[in-house]
Amino acid sequence: MRSTPRPGAVSSTVRRGLVAAAVLALGSTAAVATATSASAAVSCKVTYSASEWQGGMSANLTIQNLGDALNGWTLAFTFPNSSQKVSQGWSGNWSQSGSNVTVTAMDWNKSLSTGGSTSIGFNGTWSGSNPAPTDFKINGVSCNGTPQSPSPSPSASPSPRVSPSASPSPRVSPSASPSPRVSPSASPSPSASPSSSPQPPGTHVDNPYSGATGYVNPDWSASAKSEPGGSRVANISTAVWLDRIAAISSGSAGNNSMGLRDHLDEAVAQDAANGSAPLTIQVVIYDLPNRDCSALASNGELKIAQNGLARYKSEYIDVIAGIMADSKYSNLRIVTVIEPDSLPNLITNVNAFQACQEAQSSGAYVQGVQYALNKLHAIKNVYTYVDAAHHAWLGWDNNFQPMVNLFYQVATGTTAGVNSIDGFIVNTANFGATVEPYFTINTMVNGQSVRQSHWVDWNWYVDEQSFSVALRNALVAKGFPNTLGMLIDTSRNGWGGSARPSGASTSTNVDTFVNESRVDRRIHAGNWCNQSGAGMGERPRANPAAGLDAYVWIKPPGESDGSSSAIDNDEGKGFDRMCDPTYGGNSLNGNNPSGALAGAPVSGHWFSAQFQQLMQNAYPPLS
């Protein structure tokens, strides 16, 4: 059953007043320590780096064990300025007394083998000045000495390193002033140019979409063809969603009966029929324990408290990787979209949802994603794109930089480091416009920035393309390679039809101007379920802009986001009121109506009325 993810909880408190403070890079400090006892040598290195804005900061610390294996650690340090405070910490148990900060390990990251490391971090506040701390101690030993060889290991094997996590806290208090960042209109650093000569089959190329044809999913194609006018889009490439363990062998929701091996076999056949052009098939990896921890419509089968992470690894990822590694599929370009909505939920929804708290405190999301990356990246013809939510989820400063930090920490905790990720994808199964053609974030209306409108709400981005370009630039600046590519899911963000504006508004009122000019016609940018008035967007194509690998259709148009009312099912999917057209909303969408279509089935099942509307409102229009 192909369910679709909840595209995100939007923290959109209106801020009234432009802020002129700039983001400052504190750089990093590192300290090394060694101590010796009769039984063990403690030797450590702590690296501290942070970004700050006026009155606030987001810091990351990496603890590296240079001595004997540790089975438990406590980090202590002192802030140089008494005004510096930790407001929210992650990947450890944080406490502060005066200027003294103490962090103890959690169960899943307490074991550090020799050479092993783990990353932790916090959001904080300050006034006056914000100097970096330097006097770090691990288990009471100052990290300021010269590392030495650890003492001989005992006969017992040291505890294995547990994959590190960096699960940042939700967006800080709305009263904190966000710092402006570099204009998203700035030119991105381009990805490497596609090779001018054909690559041998099975070669891992920079852009798996360049020069390739796309796999046509026979299940989805048949559903599309059954609809009046559906043959116009039935041969467009859409993704295969693996949203439960059983889907690997027997298909996903509704009438979708093909398992992963069935799809790959069909892809081989399509590849043979296409001639010399390579074929790209897209597979969504989507079954983390406590999946979609902030939603109900697409909850999953695995639970952290019920051995879900171990099952995810052994029964889900290992099986998928084993199939994809079959040599008969080696000529295919297999693109995997890694766990929609997982890591972004750790940025914004930990405080509000118990399931998200459990995902963060257990490290299940981070460890699960790292495990998937390790297994899938090891297969030469498999490409990994990690989900990065969308502009109306992560476009505020207090979400944007912590998300960049978390992506980096997750990647550096894998075997291949930052090279384990080929790229990131935005707008998965969401409705945000690829480009708003009639205004940008720099547009002024009668002396007011469009950021001051209720729709933009002090976000730094108005569409997915400006957001994806800025996110890519920030990730490359953080340490990802310049070959990093971005994908935008354009399957349902066309917003054509009679409601689409034909030009910029002439109004001098900033709210009226934005509302009359925007092509995204949702009631609120936080609305995510079966949106009324939506249309199919740009057709899939490679290299649509510098830094972008492709526009893609990851969400198969016509497959529901969630049921309009409670429907019993055996797929573990609940009823979310954001899919109810009578719902008046909540704080996550500004208490606005949900904008959802009536009569929707359970997520992933075919929704004929929605498919017809998506075709009717397609932009560019269907011929």
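Bear in mind the structure is a predicted one, so any value in this text is a computation, not a measurement.

Caption draft 1: Inspection of the nonpolar core at higher detail. Within the largest apolar cluster, 74 residues are counted, with the highest numbers of intra-cluster contacts made by Met324, Leu343 and Phe424. Once you skip the residues sitting within four places of it in the chain, Met324 turns out to touch Leu260, Leu264, Val283, Tyr329, Ile334, Thr336, Leu376, Ile379 and Val382.

Caption draft 2: View of the pattern of salt bridges. Within the structure shown, the criterion is met by ten salt bridges. We note a salt bridge from Lys375 to Asp318, for which the minimum N-O separation is 3.8 Å. Here Asp318 lies in helix H4 (residues 308-324) and Lys375 lies in helix H7 (residues 364-377), a separation of 57 residues in the sequence. Note that Arg492 is salt-bridged to Asp561, the shortest N-O span being 3.0 Å. Highlighted residues: Arg492 in the loop between strand S21 (485-489) and helix H11 (510-517) and Asp561 in the loop between strand S23 (548-552) and helix H12 (608-616), separated in sequence by 69 residues.

Caption draft 3: Expanded view of the state of the cysteines. For the coordinates displayed, the defined rule picks out three disulfides. Shown here is the disulfide that connects Cys44 with Cys143, its sulfur atoms set 2.1 Å apart. Between Cys44 and Cys143, the S-S dihedral sits near -110 degrees, and the bridge is therefore left-handed. One end of the pair, Cys44, is in strand S2 (residues 41-53); the other, Cys143, is in the loop between strand S12 (141-142) and strand S13 (213-214), and 99 residues separate them in sequence. Cys143 carries the same exposure label as Cys44, and that label is buried. Two residues, Cys293 and Cys356, share a disulfide whose sulfurs are 2.0 Å apart.

Caption draft 4: Looking closely at unusual backbone geometry. Tyr619 connects to Pro620 through a cis peptide bond whose omega is 0 degrees. Position of Pro620 among the secondary structure elements: in the segment after H12. Phi angles above zero are rare outside glycine, and Asn139 is one such case at about 50 degrees. Following the sequence through the fold, Asn139 ends up in the loop between strand S11 (137-138) and S12. Not every positive phi belongs to a glycine, and Ala389 is a case in point at roughly 60 degrees. By the secondary structure assignment, Ala389 is in the loop between strand S17 (382-387) and helix H8 (391-394). For Ala389, a relative accessible area of 3% corresponds to the buried category.

Caption draft 5: Quick peek at the sheet that holds S12. Here we have five strands laid out as an open sheet, ordered S7-S8-S5-S11-S12, and antiparallel in their pairing. The strands lining the two open edges of the sheet, one partner per strand, are strand S7 (93-97) and S12. In this structure, strand S5 (residues 74-78) lies alongside strand S8 (residues 100-104), joined through five bridges in antiparallel fashion. Bridging from a neighbouring strand, Thr78 pairs with Asn100 of S8.

Rules and cut-offs
- In this numbering scheme, every chain counts its residues from 1 along its sequence in written order.
- Per-residue local features of the predicted model are confined to residues with pLDDT of at least 70, and side-chain atom pairs are confined, for both listing and counting, to 80 or more; whole-chain, interface and lining totals are unaffected and use all residues.
- Computation of side-chain values: all heavy atoms of the structure, hydrogens and water removed.
- Here the nonpolar core consists of buried residues drawn from Ala, Val, Leu, Ile, Met, Phe, Trp, Tyr and Cys, with membership extended through side-chain atoms lying within 4.5 Å.
- Three labels apply to residues, based on accessible area from a 1.4 Å probe with only protein chains included: buried if under 20% of the type maximum, exposed if over 50%, partly exposed otherwise in between.
- Any two residues whose heavy atoms approach within 4.5 Å at even a single point are treated as in contact.
- Definition used for salt bridges: Asp or Glu carboxyl oxygen within 4 Å of a side-chain nitrogen of Lys or Arg.
- Comment: elements are numbered from the N terminus, with helices defined as DSSP H or I runs of at least four residues and strands as E runs of at least two.
- The term disulfide is used for any two cysteine sulfur atoms that are within 2.5 Å.
- One bridge is not enough; two strands pair if DSSP finds at least two bridges between them.

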